[in-house]
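Spelled out, the chains give:
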Amino acid sequence: MKNIAIFASGNGTNAQAIIDHLALQAYARVAVIVVNKSDAYVIQRAKQHHIPVELISRATEPAFLLKLLAHYSTDFIVLAGYLALIPRKIVAAYPKKIINLHPALLPKFGGRGMFGEHVHAAVLSS
């Protein structure tokens, strides 16, 4: 069984799709949802499925985040609408084990206001 940490910042529709899909599988599970916004609706989605939630901030030290991920025996990280930069130490610790569901090339279609339908509209208009 592989453990997935989902990083999310908002509504959590992508996280919900992953949770729903993995509920029917035996090879992986969502072990934790990591959020950087205390009012993100994804927290409610996690609670409905009894998935632990960890609130972090941009000031969270990479060493603390690595310990947190180790605590949940994280095998893979999925960035599902996560609107913050992942520290280099995390990327280095999870080589080829992080997937970003952002629908466009970053940083060209990232930053303030680039989430949800805004990203799709920007990509299509370019």
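Here the structure is shown first, and the text comes after it.
Attention in this report is confined to the structure presented alongside it.

About the cut-offs
- Residues numbered from 1 in each chain as written.
- Predicted model: local features only at pLDDT ≥ 70, side-chain atom pairs only at ≥ 80, totals over all residues.
- Heavy atoms only, no water.
- Helix = DSSP H or I, 4+ residues; strand = E, 2+ residues; numbered from the N terminus.
- Buried < 20%, exposed > 50% of the residue type's maximum accessible area, 1.4 Å probe, protein only.
- Polar contact = N/O pair within 3.5 Å; in protein donor to acceptor, adjacent residues only side chain to side chain.
- Contact = heavy atoms within 4.5 Å.
- Core = buried A, V, L, I, M, F, W, Y, C linked by side-chain atoms within 4.5 Å.
- Pairing = 2+ DSSP bridges.
- Right-handed = clockwise from strand over helix to strand, strands pointing away.
- Axes fitted to C-alpha atoms, helices over the stretch in contact; angles between N-to-C directions.

**Regarding the side chain of Thr-74**
Its location among the elements puts Thr-74 in the loop between helix H3 (62–71) and strand S4 (76–79). Residue classification places Thr-74 among the buried residues on the basis of a relative accessible area of 9%. At 2.9 Å, the side chain of Thr-74 and the backbone oxygen of Leu-69 are in polar contact. Apart from the residues within four sequence positions on either side, Thr-74 is in contact with Asn-3, Ala-5, Leu-69 and Tyr-94.

**Thoughts on the nonpolar core**
If you look at the biggest cluster of nonpolar residues, it comprises 18 residues, and the most contacted ones within it are Ile-6, Val-30, Ile-33 and Val-42. Elements that contribute at least two residues to this core include exactly strand S1 (2–8), helix H1 (13–22), strand S2 (28–35) and helix H2 (42–48). Among all residues touching Ile-6, those that are not within four sequence positions of it are Ala-15, Ile-18, Val-30, Val-32, Ile-33, Val-34, Val-78 and Ala-80. Core analysis: the second largest hydrophobic core is formed by 17 residues, Ala-5, Phe-7, Ile-77 and Leu-79 among them.

**Quick look at the side chain of Ser-9**
Relative to the helices and strands, Ser-9 is located in the loop between S1 and H1. Judged by its relative accessible area of 3%, Ser-9 is buried. Polar contacts involving the side chain of Ser-9 include one to the side chain of Asn-36, which spans 2.6 Å. Those residues in contact with Ser-9 that lie beyond four places of it in its chain are Asn-36, Lys-37, Ala-40, Gly-81, Tyr-82 and Leu-83.

**What about the pairing of S1?**
Buried residues dominate S1, accounting for six of its seven residues. As paired elements, S1 and S2 share seven bridges and run parallel to each other. Bridge assignment links Ile-4 to a residue of S2, and that residue is Val-30. The parallel pair S1 and S2, bridged by H1, forms a crossover whose chirality is right-handed. With four bridges connecting them, S1 and S4 associate as parallel partners. From the neighbouring strand, Ile-6 faces S4, where its bridge partner is Val-78.

**Quick look at the environment of Gly-10**
With respect to the helices, strands and loops of the structure, Gly-10 is situated in the loop between S1 and H1. A residue is classified by how much of its surface remains accessible, and Gly-10, at 27% relative accessible area, is partly exposed. On a C-alpha basis, the gap between Gly-10 and Gly-81 in space is 6.8 Å, while along the polypeptide they are 71 residues apart. Apart from the residues within four sequence positions on either side, Gly-10 is in contact with Ala-40, Tyr-41, Val-42 and Gly-81.

**With respect to the sheet that holds strand S3 (residues 53–55)**
Pairing within the open sheet is parallel, and its five strands lie in the order S3-S2-S1-S4-S5. Edge positions in the open sheet fall to S3 and strand S5 (98–100), since each of these has one partner strand only. Strand after strand, the sheet turns through a mean of 25° between neighbouring axes, direction not considered. Inspection of the sheet shows S4 paired to S5 by three bridges, in the parallel sense. Looking across to S5, one finds that Leu-79 is bridged to Asn-100. Sheet strands touched by H1: S1, S2 and S4. Its angle to S2, the strand with the most contacts, is close to 160°. Contacts from H3 reach S1, S2, S3 and S4, with the element oriented near 135° to S1.

Taken by themselves, the reported measurements are silent on function.
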